[in-house]
Amino acid sequence: MSAVKMDGKALSDKVRGSILAETEALKKKGVTPGLAVIIVGNDPASEIYVRNKEKACAACGFYSEKYALPAQTTQDELLGLIDQLNRSPQISGILCQLPVPDHISEQAVINAIDPKKDVDAFHPVNVGRIMVGSFDFAPCTPAGVMELLDEYGIDPKGRECVVVGRSNIVGKPMGMLLLHRHGTVTICHSRTQNLAEVCRRADILVAAVGKAGFITPDMIKDGAVVIDVGINRDANGKVCGDVDPAVMDKAAFMTPVPGGAGPMTITMLMKNTLTAAKLQNGL
Ligand code: NDP
């Protein structure tokens, strides 16, 4: 058996098409979604992410502003810019690309963004709203995974869902979204004992570890759905996921890397920006 490849690129194109159509309709009502992207310093990976976000804005018909600030920008200067963007009527969503340089507090940056414009859904208000199940935006990577599951008709209800990784941006919110959809959720981390055994229980396994090929076929139940969120480089510098590609032979569905969960993340950022624009204009 070889798993069905869950095509995040195709789904992403489809969702971006519907976002563009909705944006065109909004523009006729005088509303253009606007995203401000801030990058501090010159981390090469962050620069690629920011460029991709600008391209996605253009593909969705959004207005966008990019602020590339030098690494020595002070925290006060950055918070000042965020305050200005919080008050800008052209800007529906604000994103500060993480990580920021060490002299700036990541949490201070997250806390400074108006929760209504927090399209990453990292602000404590939005984190709390995700916890209680009453939210406008979900963090982009877990939200993209949920869209992929829906697209392939995979319902988490009543199923064993195992998330490997407990970061605030992926693992924890992923667990909450699966729980809201009535999955039976286990979140694993570096102190989990008998990890392989826990993973073998999974009907749906989400890997968000950050280690190339970490999830191996012996950790997978036959016929499981395997979502690989990892973006790593192998020994040859090639992009690869957290899941050993040999898992394809055991799983029923699996996301490839690249082309699975990755493209959906930026598309969900666009979806959140559209939602923010609508909410801010009472639509
Ligand atoms: P973090 O480094 O913040 O978290 C990694 C998690 O994996 C931690 O909770 C850690 O546990 C856990 N972990 C590490 N080693 C083990 C182990 N041996 N056994 C079990 N658990 C372990 O990473 P992120 O959540 O930010 O990202 C995870 C991966 O997803 C990365 O490859 C990243 O590049 C990718 N990513 C992809 C995105 C996309 O767009 N598709 C977006 C964001 C991330 P502990 O908490 O105990 O340390």
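Structure first, text after, so check above.
Residues numbered from 1 in each chain as written. Predicted model: local features only at pLDDT ≥ 70, side-chain atom pairs only at ≥ 80, totals over all residues. Heavy atoms only, no water.

Caption draft 1: A look at the overall build of the protein. From N to C terminus, the protein includes nine helices and eleven strands. By the compact-globule yardstick of 19 Å for 283 residues, the protein fits well, its C-alpha radius of gyration being 19 Å. Along the first, second and third principal axes, the C-alpha atoms of the protein reach 50 × 40 × 35 Å. Of all intrachain contacts in the protein linking residues separated by at least 6 positions in sequence, the fraction that spans at least 24 positions is 71%. Here the protein has roughly 13000 Å² of accessible surface; of this, 53% comes from carbon and sulfur atoms. Of the side-chain charges in the protein, 30 are positive and 31 negative, and the distance between the mean point of each set is 3 Å. (Helix = DSSP H or I, 4+ residues; strand = E, 2+ residues; numbered from the N terminus. Rg over C-alpha atoms; globule rule 2.2 N^0.38 Å. Contact = heavy atoms within 4.5 Å. Areas by Shrake-Rupley, 256 points an atom, 1.4 Å probe, with all protein chains shown as cover. Lys, Arg positive; Asp, Glu negative; His and termini not counted. Charge placed at Lys NZ, Arg CZ, Asp CG, Glu CD.)

Caption draft 2: Expanded view of the sheet that holds strand 6 (residues 184-188). Across the sheet, which stays open at both edges, the six strands sit in the order 1-11-8-7-5-6 with parallel pairing between neighbours. Each end of this open sheet is capped by a strand with a single partner; those strands are strand 1 (4-5) and strand 6. Sheet topology places strand 7 (residues 204-207) next to strand 8 (residues 225-228); four bridges connect them, and they run parallel. Directly across from Val 206, in strand 8, lies its bridge partner Ile 227. (Pairing = 2+ DSSP bridges.)

Caption draft 3: Spotlight on the sheet that holds strand 4 (residues 93-96). The parallel open sheet is built from three strands, whose spatial order is 3-2-4. Strands at the two margins of the open sheet, each flanked by one partner only, are strand 3 (63-69) and strand 4. Across the sheet, the axes of successive neighbouring strands diverge by a mean angle of 15 degrees, strand direction being ignored. Both strand 2 (residues 34-40) and strand 3 contribute to a ladder of seven bridges, which runs parallel. Of the residues in strand 3, the one forming a bridge with Val 40 is Leu 69. Taken strand by strand, helix 9 (residues 261-280) contacts strand 2 and strand 4, and its axis lies near 130 degrees from that of strand 2. (Axes fitted to C-alpha atoms, helices over the stretch in contact; angles between N-to-C directions.)

Caption draft 4: Representation of the site of the ligand. Close contacts around the ligand come from 21 residues, with Arg 166, Ser 167, Ser 190, Ile 231 and Thr 265 the closest. Take Arg 166: an N or O atom from its side chain is 2.7 Å from an oxygen atom of the ligand. Ser 167 is positioned with one of its side-chain polar atoms (N or O) 2.5 Å from an oxygen atom of the ligand. Protein coverage of the free-state accessible area of the ligand, which is 920 Å², stands at 71%. Here the residues of the shell around the ligand sort into eight nonpolar, ten polar and three charged. (Near = heavy atom within 4 Å. Polar contact = N/O pair within 3.5 Å; in protein donor to acceptor, adjacent residues only side chain to side chain. Nonpolar A, V, L, I, M, F, W, Y, C, P; charged D, E, K, R; others polar.)

Caption draft 5: Structural detail: the pattern of salt bridges. Under the definition given, this model contains eleven salt bridges. Across the pair Glu 151 and Lys 14 runs a salt bridge, and its minimum N-O distance is 2.9 Å. Residue Glu 151 is located in helix 6 (residues 140-151), and its partner Lys 14 is located in helix 1 (residues 8-28); the two are separated by 137 residues in the primary sequence. (Salt bridge = Lys/Arg side-chain N within 4 Å of Asp/Glu carboxyl O.)

Caption draft 6: Geometry of the packing of helix 2 (residues 44-59) against helix 9. Packing of helix 2 against helix 9 leaves a shortest axis separation of 10 Å and a crossing angle of 50 degrees. Classified by the interaxial angle, the pair formed by helix 2 and helix 9 is oblique. Taken as a pair, helix 2 and helix 9 cross one another with a handedness that is right-handed. Residues Tyr 49, Asn 52, Lys 53, Ala 56 and Cys 57 of helix 2 form the contact with helix 9, whose participating residues are Ile 266, Leu 269 and Met 270. Classifying every residue of the contact of helix 2 with helix 9 gives six nonpolar, one polar and one charged. (Parallel < 35°, antiparallel > 145°, perpendicular 65-115°, else oblique. Left-handed = near helix turned anticlockwise from the far one by under 90°.)

Caption draft 7: Molecular detail of the nonpolar core. Membership of the largest hydrophobic core comes to 49 residues, with the highest contact counts inside it found for Leu 149, Leu 178, Val 206, Ile 227, Val 229 and Met 270. Excluding its chain neighbours within four sequence positions, the residues that come into contact with Leu 178 are Met 146, Leu 149, Pro 156, Cys 161, Val 163, Gly 183, Val 185 and Val 206. Residues Ala 3, Leu 195, Val 247 and Met 248 belong to the second largest nonpolar core, which totals 20 residues. (Core = buried A, V, L, I, M, F, W, Y, C linked by side-chain atoms within 4.5 Å. Buried < 20%, exposed > 50% of the residue type's maximum accessible area, 1.4 Å probe, protein only.)

Caption draft 8: Quick look at the packing of helix 5 (residues 124-132) against helix 7 (residues 171-180). Remark: helix 5 packs on helix 7, axes separated minimally by 9 Å, with the N-to-C direction vectors making an angle of 35 degrees. On the side of helix 5, the interface is formed by Ile 130, Met 131 and Val 132, while helix 7 contributes Met 176, Leu 177 and His 180. A breakdown of the residues in the contact of helix 5 with helix 7 according to their chemical character gives five nonpolar, one polar and no charged.

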